[in-house]
Amino acid sequence: MSEYVLEMQGIVKRYPGVLAVNGGRLELRPNEVHCLVGENGAGKSTMMKILAGAISMDEGSIAISGEPVAIQSPHHAQQLGVSMIYQEFNLCAHMSVAENVFLGREPRIPRTPLVDWRRLYRETQAIFDRMGVQIDVRKPVSACSVAQQQMVEIAKALSVNARIIVMDEPSATLTDHELEALFALIRDLRAEGIGIIYISHRLDEIFALGDRVTVMRDGEYVITQPVSEVTREDLIRHMVGRELTSEYPKEEFARGPERLRVEGLTRKGAFRDVSFSLHEGEIVGLTGLVGAGRTEVARAIFGADRIDGGQILLEGAPVLVRSPQDAIRQGIGLLTEDRKSQGLILPMSVRENTTLANLQEVVRGIFVSRSRERAVTDSYIRELQIRTPSTEQTAQNLSGGNQQKVVLAKWLFTQSRVLIFDEPTRGVDVGAKVEIYRLMNDLVRKGVAVLMISSELPEVLGMCDRILVMHEGRIAGELSRAEATQEGVMRLATGSAVAAA
Ligand SMILES: Nc1ncnc2c1ncn2[C@@H]1O[C@H](COP(=O)(O)OP(=O)(O)OP(=O)(O)O)[C@@H](O)[C@H]1O
Ligand SMILES: [Mg+2]
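Each value, and the rule that gives it
Residues numbered from 1 in each chain as written. Chains lettered and ligands numbered in written order. Predicted model: local features only at pLDDT ≥ 70, side-chain atom pairs only at ≥ 80, totals over all residues. Helix = DSSP H or I, 4+ residues; strand = E, 2+ residues; numbered from the N terminus. Rg over C-alpha atoms; globule rule 2.2 N^0.38 Å. Buried ≥ 20, exposed ≤ 12 C-beta atoms within 10 Å, placed from the backbone. Contact = placed C-beta atoms within 7 Å. Core = buried A, V, L, I, M, F, W, Y, C linked by C-beta atoms within 7 Å. Domains from an automatic or database assignment. Nonpolar A, V, L, I, M, F, W, Y, C, P; charged D, E, K, R; others polar. Axes fitted to C-alpha atoms, helices over the stretch in contact; angles between N-to-C directions. Parallel < 35°, antiparallel > 145°, perpendicular 65-115°, else oblique. Pairing = 2+ DSSP bridges.

(A) A look at the overall build of the protein chain. The number of helices and strands found in the protein chain is 18 helices and 22 strands. Computed over the C-alpha atoms, the radius of gyration of the protein chain is 23 Å, within 12% of the 23 Å expected from 2.2 N^0.38 for a compact globule of 501 residues. A principal-axis box enclosing the C-alpha atoms of the protein chain has dimensions of 70 × 50 × 50 Å. Out of the 501 residues in the protein chain, the part that is buried amounts to 44%. Taking the contacts inside the protein chain whose residues are at least 6 apart along the sequence as the reference set, 68% of them involve residues at least 24 apart.

In structure tokens, the structure reads:
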């Protein structure tokens with residue numbers, strides 16, 4: 001009997017113009033949480049898609065519990081005990097939570113083709129109970145928050161009896177509370193003898209959760225080590241192949257005139273009486289727990305949702321923002337947190353996505369000029385270090401983090417004067433994060449006012465001049481860069497500052 005529940009050796013995967021994985025290797029023990037880390041495009045998801053039978057490999061071998069296997073299909077992988085939670089969700093939006101969890105495996109009323117709904121709901125409920133997650137299992141997935149959709153994906157993986165569970169950035173969208181529940185669950189699964197492969201760009205999680213860690217770089221295996229024997233600096237060095245001087249390259253600029261102000265902004269059921277201003281030369285953070293109303297505020301400013309009260313002022317003058325087109329015309333841009341449904345058009349190329357929101361800039365006469373589009377896109381590919389074989393690659397084929405960079409390129413190209421970033425570095429690797437922060441510095445230097453919505457406190461504390469904290473639809477407080485601490489922000493975010501006062 002092998003000591004490993006899974007051995008992957010010499011894995012190679014080629015795509016036209018891309019060597020996605022070149023000598024990938026991973027050995028997983030039962031009873032371990034094995035973290036897989038590496039920069040965007042390093043080949044992590046590709047390795048896992050091969051394991052899950054979603055794609056085939058060109059070379060290499062896989063053994064499960066010591067037995068060589070040739071994984072034929074996702075269904076076959078599932079039979080072999082492999083369960084995978086994809087980085088980008090795979091849910092049917094119009095179906096209920098329960099239907100999604102048991103999709104294709106719904107319990108039937110005996111001797112009939114009819115779905116046994118009572119049992120379906122009961123069994124789904126039991127899985128969520130085990131996960132410690134409260135959710136209405138009958139509601140459609142389209143009505144779920146991003147965080148809830150993530151939990152549905154995890155429940156789906158748990159509903160089949162897996163020996164190996166792969167989680168590809170499961171935490172990217174979870175609140176601290178949900179994350180704690182997830183970690184507790186992962187530890188339970190580990191105690192039951194399940195091997196867990198955990199992919200994350202948040203190094204803190206690797207130290208909190210992982211037993212061993214494997215690093216990939218440029219499609220290649222770099223090293224596997226016990227987590228207790230590596231430091232954060234070691235990991236970063238293995239991932240990026242060099243030392244990083246600073247994770248938060250904050251630059252301070254003189255605060256200029258007011259760009260955007262919102263007064264008493266209210267949308268029933270989402271947020272109330274939200275007032276703040278945004279000046280040239282500053283990055284303002286908007287933080288709080290998931291569900292506090294941050295994204296809703298951003299959508300309202302961007303004209304994506306109607307407001308029930310209050311007003312928006314640009315350069316001191318009240319403006320009506322009736323639609324996102326309106327917002328873009330007036331110089332307001334929003335980088336959404338949900339890049340798959342709102343930020344990117346996946347079947348279109350990197351070039352088309354980049355120029356989409358500002359086509360007039362690349363028009364010659366009445367036609368869009370391909371060569372200008374290409375030149376613009378090429379410059380962003382260089383500036384943001386987007387890993388793609390060319391401007392013509394479809395966005396779908398980029399790694400998750402590189403898709404995020406394309407969304408960023410699109411908004412940089414609109415030349416907005418107010419840019420709202422909603423979780424801009426989610427799923428982005430440490431090196432690329434620093435690049436995004438540097439870009440924010442550049443934007444601010446050019447006079448753009450930046451509002452950054454983020455759940456990652458170190459990032460908010462590291463990059464923002466002022467921090468607004470939301471709690472249950474209201475601004476619970478504002479902290480300056482100098483006075484803000486992790487504890488201070490959390491007190492406001494959880495509403496305990498009010499109780500103490
Ligand atoms: N279907 C595809 N066609 C062409 N290239 C692809 C395809 N899928 C992945 N790639 C490329 O393979 C490389 C590895 O991608 P992969 O998704 O495995 O990276 P990753 O390590 O998961 O990155 P991230 O942290 O950004 O999710 C990338 O350069 C990506 O663009
Ligand atoms: Mg990935």
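(B) Fine view of the nonpolar core. Core analysis: the biggest nonpolar cluster contains 66 residues, and Ile 301, Ile 420, Val 450 and Met 452 have the highest contact counts within it. If you tally residues by element for this core, the top one is helix 14 (residues 400–413), at seven residues. Contact partners of Ile 301, with chain neighbours within four places excluded, come to Val 262, Ile 312, Val 321, Ile 332 and Ile 420. With 64 residues, the next largest nonpolar core counts Leu 80, Ile 154, Ala 155 and Val 166 among its residues.

(C) Structural view of the domain arrangement of the protein chain. Considered domain by domain, the protein chain is made up of domain 1 (6–240) and domain 2 (258–500). Averaged C-alpha coordinates put domain 1 and domain 2 at centres separated by 29 Å. Taken together, the contact between domain 1 and domain 2 spans 18 residues of the former and 19 residues of the latter. Those elements that place two or more of their residues in the side of domain 1 that touches domain 2 are helix 5 (146–159) and helix 8 (232–240). Sort the elements by how many residues they give to the side of domain 1 that touches domain 2 and helix 8 lands first, with three residues. Here the side of domain 1 that touches domain 2 is built from residues that sort into seven nonpolar, eight polar and three charged.

(D) Region of the structure containing the packing of helix 4 (residues 117–131) against helix 5. Their axes nearest at 10 Å, the elements helix 4 and helix 5 cross at an angle of 110°. Accordingly, the angle class assigned to the pair helix 4 and helix 5 is roughly perpendicular. Of the residues in helix 5, those touching helix 4 at Thr 124, Ile 127, Phe 128 and Met 131 are Met 151, Ile 154, Ala 155, Leu 158 and Ser 159. Among the residues making up the contact of helix 4 with helix 5, the classes are represented as seven nonpolar, two polar and no charged.

(E) Just the pairing of strand 10 (residues 220–226), in detail. Both strand 9 (residues 212–217) and strand 10 contribute to a ladder of six bridges, which runs antiparallel. By the bridge assignment, Val 215 is partnered in strand 10 with Ile 223. Here strand 9 hands over to strand 10 after two residues, with Asp 218 in that stretch at a positive phi of 50°.

(F) Expanded view of the pairing of strand 7 (residues 164–168). By the criterion of burial, strand 7 is predominantly enclosed, with five of the five residues buried. Alternating positions in strand 7 separate into two faces, Ile 164, Val 166 and Asp 168 on one and Ile 165 and Met 167 on the other, with burial throughout. Direction of pairing for strand 6 (residues 82–85) relative to strand 7: parallel, over a ladder of four bridges. What sits directly across from Ser 83, in strand 7, is Ile 165. As defined by bridge partners, strand 7 adjoins strand 8 (residues 195–199) across five bridges and the pair is classed as parallel. Along strand 8, the bridge assignment pairs Ile 165 with Ile 196.

(G) Structural view of the sheet that holds strand 2 (residues 18–28). Across the sheet, which stays open at both edges, the four strands sit in the order 2-1-4-5 with antiparallel pairing between neighbours. What marks the edges here is a single partner per strand, and that holds for strand 2 and strand 5 (67–69). The mean angle between the axes of side-by-side strands here comes to 30°, regardless of whether they run parallel or antiparallel. In this structure, strand 1 (residues 6–15) lies alongside strand 2, joined through eight bridges in antiparallel fashion. Pairing of Arg 14 across the sheet is with Leu 19, part of strand 2. Running at roughly 110° to strand 1, helix 1 (residues 44–51) makes contact with strand 1, strand 2 and strand 4 (59–64) of the sheet.

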